[in-house]
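Working through the structure, step by step
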Amino acid sequence: MVGTMDTQSMEMEAAAKWLKANGGSNASAELEKVGYGSDQSKPATKELTIAIARALGHAFQSIHWEETRTISDAAASASDHRKLKTSLEGVVQVVIGALQTFTNMDPQTVVTLAKDISSKTTNGDVRLRALSLLYNAVSDATPEGCQLRYTLLIDLVQTAEKCGLVDLMFAPVFEPIDTFVAKWNLTGIQKKALYDCIATALQSAAESVVPSKTKSSSTATAKKQDYESRAFTFAVKALAVFDYASAAADAQAKERDQAAKVVMQAIGVDSRFRFDELLELDSVKALESAQPKLWQLLNIFVYKNLDDYVAFYQANTSFIESDLKLSNDLCMTKMRLLTFSSMGMEKKELSYKEVAQALQVDEDDVEDWVIKATSAGLVDAKLDQLESRVVINRSTYRVFTQDQWQPLHERLTQWKQNIEELQAILAAKRASISVIPPRE
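It should be emphasised that the depicted structure is a prediction, and the values quoted were computed from it without experimental measurement.

**Focus: unusual backbone geometry**
Unlike most non-glycine residues, M105 shows phi in positive territory, near 55°. One can find M105 in the loop between α4 (78-102) and α5 (107-117). Looking at M105, the relative accessible area reads 7%, which means it is buried. For N123, which is not a glycine, the phi torsion comes out positive at approximately 50°. Along the chain, N123 falls in the loop between α5 and α6 (124-136). The exposure class assigned to N123 is buried, which follows from its relative accessible area of 16%.

Below is the structure:
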């Protein structure tokens with residue numbers, strides 16, 4: 001144990017000297033207060049660990065990788081630049097190790113360091129790795145550790161957003177987030193804050209996606225849609241965990257505004273065709289009286305067809321285009337596809353003429369719309385060009401209610417019975433085979 005401590009003390013001495021040379025005046029002053037980083041060696045203690053953590057925070061606040069004391073020349077090489085970043089990351093690992101050993105990851109020190117690390121966006125990859133190391137060094141085996149991890153995770157996601165590195169959060173954060181939320185025993189307010197934070201980061205990432213020389217327009221569009229879909233999912237989660245009935249009037253008003261934004265986001269994203277889940281949220285239900293026009297529009301997308309939307313648009317053009325800033329062309333496209341999906345639930349064969357009338361298009365364009373609906377996953381259909389008809393194999397329910405659950409339940413029950421009967425037949429067959437005497 002003594003040998004390990006001595007090694008750690010030497011590592012901290014080296015880190016302190018590096019921070020005095022490269023971390024800026026505030027970092028140097030912080031270390032001088034405790035006589036750290038001088039020629040005289042000091043054994044590592046909690047006090048010295050906190051001091052070097054503060055110095056590291058000052059370094060992240062003030063250091064400019066292209067303009068430090070040791071690399072101040074504009075002609076500094078890329079190699080020197082990389083060495084400086086590598087050295088800083090080494091210091092981060094030493095300091096975090098010391099925080100674990102000597103302070104048991106003191107919450108105040110850890111939170112302060114995290115805020116300092118995330119204070120700027122330059123060299124975001126280094127900052128994000130440092131925050132990740134800090135986050136992973138905190139154990140969530142205790143309630144205090146869970147709360148500290150929650151605080152650090154918020155900072156981590158916000159930093160990823162500011163630095164344009166949201167992609168790096170998918171596997172370690174976004175995908176297992178519900179597991180974290182359950183384990184950490186967060187309050188409803190904390191859950192909402194976390195889900196809102198993630199939704200904002202993903203939406204920001206979606207808005208920053210543009211085609212580049214190395215990425216085609218279709219690739220950029222797919223990436224943007226993926227971000228938007230994920231952002232919508234977390235925005236809905238945030239609305240779902242909010243206790244609307246128990247909230248104060250001002251909090252309810254704020255949540256209704258948020259609900260309205262989510263509804264507009266759902267309608268305005270061309271890849272989203274399911275809206276019924278929104279009607280289950282209390283804050284969205286409140287829009288019926290608070291924002292009746294938006295409520296009516298949402299219900300059109302959930303239950304009704306193109307004719308209903310066209311009538312609503314003609315009566316509320318300014319509301320849709322100016323107030324909501326929605327594209328009528330996009331809304332028309334979505335309502336045509338949703339209308340066709342509903343038609344496929346009612347009939348398994350549709351004439352081109354029927355489809356054209358319902359979608360308000362020429363019969364020559366029907367095949368294109370069938371292909372679009374199929375590509376969107378709304379239907380599975382075949383075109384009979386000789387008979388000018390569409391054969392529907394499957395169509396997606398726009399609203400999945402008890403009326404849809406009942407036949408599904410009946411089919412599953414029947415399948416279960418069939419499997420049980422098959423198993424009984426096979427068991428009987430095996431039994432009959434086992435009693436046949438062997439041939440002599």
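**A few points about the packing of helix α18 (residues 328-346) against helix α19 (residues 352-359)**
Put simply, α18 and α19 touch, their axes get as near as 9 Å, and they point 140° apart. Between α18 and α19, the interaxial angle falls into the category oblique. As α18 packs across α19, the resulting crossing turns out to be right-handed. Residue-level contacts link R336, T339, F340 and M343 of α18 to E354, V355, A358 and L359 of α19. Classifying every residue of the contact of α18 with α19 by side-chain character gives 5 nonpolar, 1 polar and 2 charged.

**So, the environment of Y227**
As for its placement among the helices and strands, Y227 is situated in helix α11 (residues 217-240). Sequence separation between Y227 and A205 is 22 residues, and the spatial gap between their C-alpha atoms is 6.7 Å. Setting aside residues no more than four positions away along its own chain, Y227 makes contact with D167, F170, L202, A205, A206 and V209.

**Some points on the sheet that holds strand β2 (residues 379-384)**
Spatially, the 3 strands line up as an open sheet ordered β1-β3-β2, and their pairing is antiparallel. Either end of the sheet is taken by a strand with one partner, and the two such strands are β1 (349-351) and β2. Strand-to-strand, the axes of this sheet are offset by a mean angle of 25°, without reference to chain direction. Taken together, the 3 bridges between β1 and strand β3 (residues 389-395) define a ladder with antiparallel strand orientation. Considered in β3, the bridge of S351 is made with R389. In the packing of α18 onto the sheet, contacts are made with β1, β2 and β3, and the angle to β3 comes to roughly 85°.

**Some points on the pairing of β2**
Sheet topology note: the β2/β3 ladder contains 6 bridges and is antiparallel. From the neighbouring strand, D384 faces β3, where its bridge partner is R389. The hairpin turn running from β2 into β3, its antiparallel successor, is 4 residues long, and S388 in that turn takes a positive phi close to 55°.

**Notes on α5**
All of the buried residues in α5 are T109, V110, L113, A114, D116 and I117. Projected down its long axis, α5 carries its buried residues within an arc of 160°, all on one side.

**A closer look at the packing of aromatic side chains**
Where two aromatic rings form a pair, the distance of their centres and the angle of their planes describe that pair. Across all of its chains, the model carries 10 aromatic pairs by this definition. For the pair Y309 and Y313, a centre-to-centre distance of 6.1 Å together with 25° between the ring planes defines the contact as stacked. Here the residue Y309 and the residue Y313 both occupy positions in helix α16 (residues 306-315), the gap between them amounting to 4 residues, near one helical turn. Residue Y309 is classed as buried on the basis of its relative accessible area, which comes to 0%. When its relative accessible area of 17% is taken as the criterion, Y313 is described as buried. Residue placement shows K372 over the ring face of W369; its charged tip is 4.1 Å from the ring centre.

Criteria and cut-off values
Residues numbered from 1 in each chain as written. Predicted model: local features only at pLDDT ≥ 70, side-chain atom pairs only at ≥ 80, totals over all residues. Heavy atoms only, no water. Helix = DSSP H or I, 4+ residues; strand = E, 2+ residues; numbered from the N terminus. Buried < 20%, exposed > 50% of the residue type's maximum accessible area, 1.4 Å probe, protein only. Axes fitted to C-alpha atoms, helices over the stretch in contact; angles between N-to-C directions. Parallel < 35°, antiparallel > 145°, perpendicular 65-115°, else oblique. Left-handed = near helix turned anticlockwise from the far one by under 90°. Contact = heavy atoms within 4.5 Å. Nonpolar A, V, L, I, M, F, W, Y, C, P; charged D, E, K, R; others polar. Pairing = 2+ DSSP bridges. Arc of directions from axis to C-beta. Phe/Tyr/Trp six-rings, centres within 6.5 Å; stacked < 30°, edge-to-face > 60°. Lys NZ or Arg CZ within 6 Å of the ring centre and 35° of its normal.

Remember that the coordinates give geometry; whether it matters functionally is a separate question.
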